[in-house]
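Each chain, written out:
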Amino acid sequence: MKGAEILIDTLINEGVDTIFGYPGGVVIPIFDVLYQTDKIKFILTRHEQGATHAADGYARATGKVGVCLVTSGPGATNTITGIANARMDSIPIVVISGQVATSSIGTDAFQETDMVGLTRSITKHNYLVKSVEELPGVLKEAFYIARTGRPGPVAVDIPVNVSNGILKNYKYPAEVTLPGYKPVANGNQKQIEKLAQAINSAKKPLLYTGGGIISADASAELLALLDKTNIPIVITLMGLGSIPTDHPTFLGMPGMHGTMAANLALTECDLLIGIGVRFDDRITGLRDQFATQAMVAHIDVDPAEIAKVIKPQIPVVGDARKILQELLKKVQPRQQDEWNERTNSWKNQYPMTYDQSAESDILPQYVIDRVSALADPETIIVTDVGQHQMWAAHYYKHRKPRAFLSSGGLGTMGFGLPAAMGAAVGRPNQTVVSISGDGSIQMNIQEFATCSINNIPVKVVILNNSYLGMVRQWQEMFWDEHYSQTCLKRSPTCPPKCTGPRKDCPSVYIPDFVKIAEANRIHGYRATKPSEVDEVLKTGLNQSGPVIMEFMVKSIENVYPMIPSGKPISAIIPGRSS
Amino acid sequence: MKEKHTIIVTVTNRVGILARITGLLAQRGYNIESAIAAPTEDPDVYKIILVVMESDENVEQITKQLNKLIDTIKVTDISHKNNYIVREYIILKVTLTQRTRPEVLDLVRVFEAKPIDLATEHLIVELTGHVRKIDRFVELLKPFGIKEFVRSGEFAMTEYN
């Protein structure tokens, strides 16, 4: 059997039904095998970065391993951002790249790059397959490593002579042998017992959960724990949707753009139970002043996360779902008490609000609110990166896990459209809405063609404020309104030192997104006034096939609350007026 | 507080493992004082012995990150353990003159170092011993003019399992 055939056979055996990718010289043997099989659907993206994010979005939405196939050299390097993105958010993808023949490796051959060297620090593991004999074992390992333990991206670099090589006695390997890789699933019983006791005796316990709940499929267990104990909970960007937004003890997202209630609870709690979180700097603010009143418990499947940032008194290594199941048996029921009253009072005192009636411009928060009201409750929301991402996190009513897909750790502009495409391919029965900004959408705008040709019905909401809004917000707040290179309308005729919108600003936004829709032969709509928002959303969401809905929103609007970078949580700015 | 830590990393012998380990340390901002990679009694297993100058907390993090590598079987920080034999090897070229020759040869004898090559203007010696002994030997020969030396980096082995 040929190496290329072995590759495709392995993928089928691993349950792969879809590959996102792009062909090239050294992967022609593999594409030739794909030409002859009907067991795998291939989505030809318009850029390898799009393919990698699509595989990532597919993995986030389905829980299965996403697969991406590209050629060597530029094909391989174009996947780098996508791989790094999957790595930061612990998403299981396998990226297969072609490589020049083993005899040419190291000679700077045409389209040769050291893929293993380039991806070493951004993959969970990577391989250069040096002979066809190694191929079956490597592929089996790649999928196993990607999806087990703390999930992550695995890169497999396959030289063309390995794809063309013949292996006589090919058999799909039954199991993997990895003496150095044994993910811990069950938590230590004594530690779980200790945690249960700490919960039973805590006066102000607080749950702080993240993406680990989603990847362990532990939502049901988390909800059961909340039902039994009524512990107030804050959930990170990566964990949104693991419980419904309207859950009575949910205080919102914590951190730099977290709610006041979530951040105040972090500051005051006496027991902080982190599950599937990594105490990211966007959550902790200034580390030394983080949760100083609290005993910290940290549950994570990755032992290296324990004490990386905050040293916990109760560390528990293992799978979040299994540990929650054990914990549920050991904790005593807890009724809502003064602590719940206090945390809820913050929710009432500092609600996340906006006032559309006082504005003639469309407010971005209002658009998200209306998406939340008008879209099907089962909708999968995908975001890009920036202000719109934070508004989507706060104002969309999350209902289910694997239904809010966002680039958390790497913060990759351009993630949204291709990831939404991957999600829509993986879950064809769900509506997929991509919420984007006018900056982010242009970073992988070529994928509208992929959506259109393959009729992948992604509904794209573009909140157009004509700025790279998040950076502009920092410039406004901390850099004396020096809007350096953050205005996307800026032309050579503008004043050199612009400090914000003026009467003589260029009136036209380039490009015209409705015409981008037209050029891709999909439907495009634009709302310029608040009164048009519902109409555009209703029309767009009910349209079959991919759609662009552009909302010309207020250009100078900030995301609040905000904890300035490197400051403690106590430095939180609740809103513009305060 | 930064202090010297010797870390033994037992790994599966796969292509690029040394690059993974040194890359990981560099990526997270840790400096390596010395590194040795060598085969063991099991042809599938290699041992990599690293010496780093870091705080205990950082070494704990390094140890965890090293453990996370798929090809890593075991990581042991032996710095606070006393059941380990630690050795280092050095080859050193020292300047000789008519006047200094007796004193240099005297030091060589005291340290039980082994002369390898004796020329009119220099002496090459080799020495195996605990790192502290090697350090002292180098220090005492310095005034005579050391032309060049190569040290192996630390080797270590547990006395019992």
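Residues numbered from 1 in each chain as written. Chains lettered and ligands numbered in written order. Predicted model: local features only at pLDDT ≥ 70, side-chain atom pairs only at ≥ 80, totals over all residues. Heavy atoms only, no water.

Asks: Would you mind going over the overall build of chain A with me for this structure?
Replies: Per the secondary structure count, chain A includes 22 helices and 17 strands. Rg of the C-alpha trace for chain A: 24 Å, near the compact-globule value of 25 Å for 578 residues, within the 12% margin. With the principal axes as the frame, chain A shows a C-alpha extent of 70 × 65 × 40 Å. The burial tally for chain A puts 57% of its 578 residues in the buried class. Long-range pairs, those at least 24 residues apart, make up 74% of the contacts in chain A with a sequence separation of at least 6. Approximately 22900 Å² of chain A is accessible, and the part contributed by carbon and sulfur atoms is 51%. Taking the 54 positively charged and 55 negatively charged side chains of chain A as two groups, their mean positions are separated by 2 Å. (Helix = DSSP H or I, 4+ residues; strand = E, 2+ residues; numbered from the N terminus. Rg over C-alpha atoms; globule rule 2.2 N^0.38 Å. Buried < 20%, exposed > 50% of the residue type's maximum accessible area, 1.4 Å probe, protein only. Contact = heavy atoms within 4.5 Å. Areas by Shrake-Rupley, 256 points an atom, 1.4 Å probe, with all protein chains shown as cover. Lys, Arg positive; Asp, Glu negative; His and termini not counted. Charge placed at Lys NZ, Arg CZ, Asp CG, Glu CD.)

Asks: What's the story with the packing of aromatic side chains in this structure? I'm lost.
Replies: The geometry of an aromatic ring pair is captured by two quantities: the separation of the ring centres and the angle between the planes. Residue and element names in this part refer to chain A. Here the structure, examined in full by the defined rule, presents eleven aromatic pairs over all chains. Centroid distance Phe20 to Tyr58: 6.0 Å. Interplanar angle 65°. Geometry classified as edge-to-face. Remark: Tyr58 occurs in helix H3 (residues 48-62) and Phe20 occurs in strand S1 (residues 18-21); sequence separation between them is 38 residues. Each member of the pair, Phe20 as well as Tyr58, is classed as buried. Chaining the aromatic ring pairs together yields one cluster made of Tyr208, Phe279 and Phe290. For Arg472, the ring lying beneath its charged end belongs to Tyr467, and the centroid distance is 5.7 Å. (Phe/Tyr/Trp six-rings, centres within 6.5 Å; stacked < 30°, edge-to-face > 60°. Lys NZ or Arg CZ within 6 Å of the ring centre and 35° of its normal.)

Asks: Which parts of the structure should I look at to understand the sheet that holds strand S7 (residues 205-209) of chain A?
Replies: Strand-to-strand pairing in sheets goes through backbone hydrogen bonds, with the strands running parallel or antiparallel. Residue and element names in this part refer to chain A. Pairing in this open sheet of five strands is parallel, and the strands run S8-S7-S9-S10-S11 from one edge to the other. Only two strands of the sheet have a single neighbouring strand rather than two, namely strand S8 (233-235) and strand S11 (314-317). Direction aside, the axes of adjacent strands within the sheet are offset by 15° on average. Where helix H11 (residues 219-229) meets the sheet, it contacts S7 and S8, and its direction lies at approximately 170° from that of S7. (Pairing = 2+ DSSP bridges. Axes fitted to C-alpha atoms, helices over the stretch in contact; angles between N-to-C directions.)

Asks: Where do I start with the pattern of salt bridges in this structure?
Replies: As a working rule, side chains carrying opposite charge can pair if their charged atoms are close by. Counting across every chain of the model gives 39 salt bridges over all chains. Here Glu268 of chain A ties to Arg342 of chain A by a salt bridge, and the two come within 2.6 Å at their closest N and O atoms. Here the residue Glu268 of chain A occupies a position in helix H12 (residues 260-268), and Arg342 of chain A occupies one in helix H15 (residues 338-349), the gap between them amounting to 74 residues. Where Asp71 of chain B meets Arg20 of chain B, a salt bridge forms, and the shortest distance between an N and an O atom there is 3.9 Å. Placement of Asp71 of chain B in the loop between helix H2 (56-68) and strand S4 (72-77) and of Arg20 of chain B in helix H1 (residues 17-27) is noted, with a sequence separation of 51 residues between them. Judged by relative accessible area, which is 2%, Asp71 of chain B ranks as buried. (Salt bridge = Lys/Arg side-chain N within 4 Å of Asp/Glu carboxyl O.)

Asks: Can you walk me through the side chain of Ser372 of chain A in this structure?
Replies: The topology assignment puts Ser372 of chain A in helix H16 (residues 364-374). Apart from residues no more than four positions distant in its own chain, Ser372 of chain A is found in contact with Tyr395, Tyr396, Lys397 and Arg399 of chain A.

Asks: Would you mind showing me how to read the domain arrangement of chain B here?
Replies: It is common to report an interface's size as the accessible area lost on association of the parts. Residue and element names in this part refer to chain B. Domain boundaries assigned for chain B yield domain 1 (3-77) and domain 2 (84-158). Between domain 1 and domain 2, the C-alpha centre-to-centre distance is 28 Å. Counting residues at the interface gives eight residues for domain 1, matched by seven residues for domain 2. Counting the surface lost from both domain 1 and domain 2, the interface buries some 620 Å², and carbon and sulfur atoms represent 61% of this. For the domain 1 face of the interface with domain 2, the top three residues by lost area are Ile8, Ile36 and Ile49, together amounting to 55%. At the junction of domain 1 with domain 2, the criterion picks out one salt bridge. Note that Glu154 and Lys4 form a salt bridge whose closest N and O atoms lie 2.6 Å from each other. Across the domain 1-domain 2 interface, the total number found is two residue pairs in polar contact (both at pLDDT 80 or more). Looking at the side of domain 1 that touches domain 2, the elements with two or more residues in it are strand S1 (3-12), strand S2 (32-39) and strand S3 (45-54). Residues of the side of domain 1 that touches domain 2, tallied by class, amount to four nonpolar, three polar and one charged. (Domains from an automatic or database assignment. Buried area = accessible area lost by both parts, 1.4 Å probe. Polar contact = N/O pair within 3.5 Å; in protein donor to acceptor, adjacent residues only side chain to side chain. Nonpolar A, V, L, I, M, F, W, Y, C, P; charged D, E, K, R; others polar.)

Asks: Help me out: how do you make sense of helix H17 (residues 387-395) of chain A in this one?
Replies: Residues lying three or four places apart along an α-helix face the same way, a consequence of the helix completing one turn every 3.6 residues. All names here are of chain A. Summarising burial for H17: nine of the nine residues are buried, a large majority. Along H17, the residues that are buried comprise Gln387, His388, Gln389, Met390, Trp391, Ala392, Ala393, His394 and Tyr395. On the buried face of H17, the contacting elements are H16, strand S12 (380-383), strand S13 (404-405), strand S14 (432-437), strand S15 (458-464) and helix H20 (469-478).

Asks: Looking at this structure, I do not really get the sheet that holds S4 of chain B. What am I missing?
Replies: Residue and element names in this part refer to chain B. Pairing is antiparallel in the open sheet, where four strands are placed in the order S2-S3-S1-S4. Both outer strands of the open sheet, S2 and S4, are each paired with one neighbouring strand and no more. Each strand of the sheet is rotated relative to its neighbour by a mean of 15°, with strand direction disregarded. Pairing of S2 with S3 involves seven bridges; the strand directions are antiparallel. The residue bridging Ala37 from the neighbouring strand is Ile48, located in S3. Sitting on the sheet, H1 is in contact with S1, S2 and S3, with an inclination near 15° to S3.

Asks: Looking at this structure, how should I read the nonpolar core?
Replies: Grouped burial of nonpolar side chains is what soluble globular proteins tend to show. All names here are of chain A. By size, the foremost hydrophobic cluster in this structure holds 65 residues, and its most contacted members are Val461 and Phe551. Residue contributions to this core reach at least three from each of two domains, namely domain 2 (189-349) and domain 3 (356-552). When sequence neighbours within four positions are dropped, the list of residues in contact with Val461 reads Val367, Val371, Val433, Ser434, Ile435, Ser436, Leu537, Met549 and Phe551. Ile380, Ala423, Val425 and Ala517 belong to the second-largest nonpolar core, a separate cluster that totals 44 residues. (Core = buried A, V, L, I, M, F, W, Y, C linked by side-chain atoms within 4.5 Å.)

Asks: I tried to follow the packing of helix H9 (residues 189-201) of chain A against helix H14 (residues 320-330) of chain A on my own but got confused; where do I start?
Replies: For any two helices packed against each other, the geometry is given by the interaxial angle and the distance between the axes. All names here are of chain A. One way to put it is that H9 packs onto H14 with a least axis distance of 9 Å and a crossing angle of 50°. As summarised for this structure, H9 and H14 are arranged oblique, according to the angle between their axes. Considering how the two elements wind past one another, H9 and H14 form a crossing that is right-handed. Between H9 and H14, the contacting residues are Gln189, Ile192, Glu193, Leu195, Ala196, Ile199 and Asn200 on the first element and Ile323, Glu326, Leu327 and Lys330 on the second. (Parallel < 35°, antiparallel > 145°, perpendicular 65-115°, else oblique. Left-handed = near helix turned anticlockwise from the far one by under 90°.)

Asks: Would you mind showing me how to read the interface of chain A and chain B here?
Replies: The interface of chain A with chain B comprises 23 residues on the first partner and 17 residues on the second. Summing both partners gives a buried area of about 1500 Å² for chain A against chain B, and 49% of it is carried by carbon and sulfur. The residue Arg14 of chain B makes a salt bridge to Glu141 of chain A at a minimum N-O spacing of 3.0 Å. Counting across the interface, chain A meets chain B through four residue pairs in polar contact (both at pLDDT 80 or more). Put simply, the parts of the chain that give the side of chain A that touches chain B at least two residues each are strand S5 (125-128) and helix H7 (135-147) of chain A. It is S5 of chain A that contributes the most residues to the side of chain A that touches chain B, three residues altogether. Class assignment for the residues of the side of chain A that touches chain B results in nine nonpolar, five polar and nine charged.

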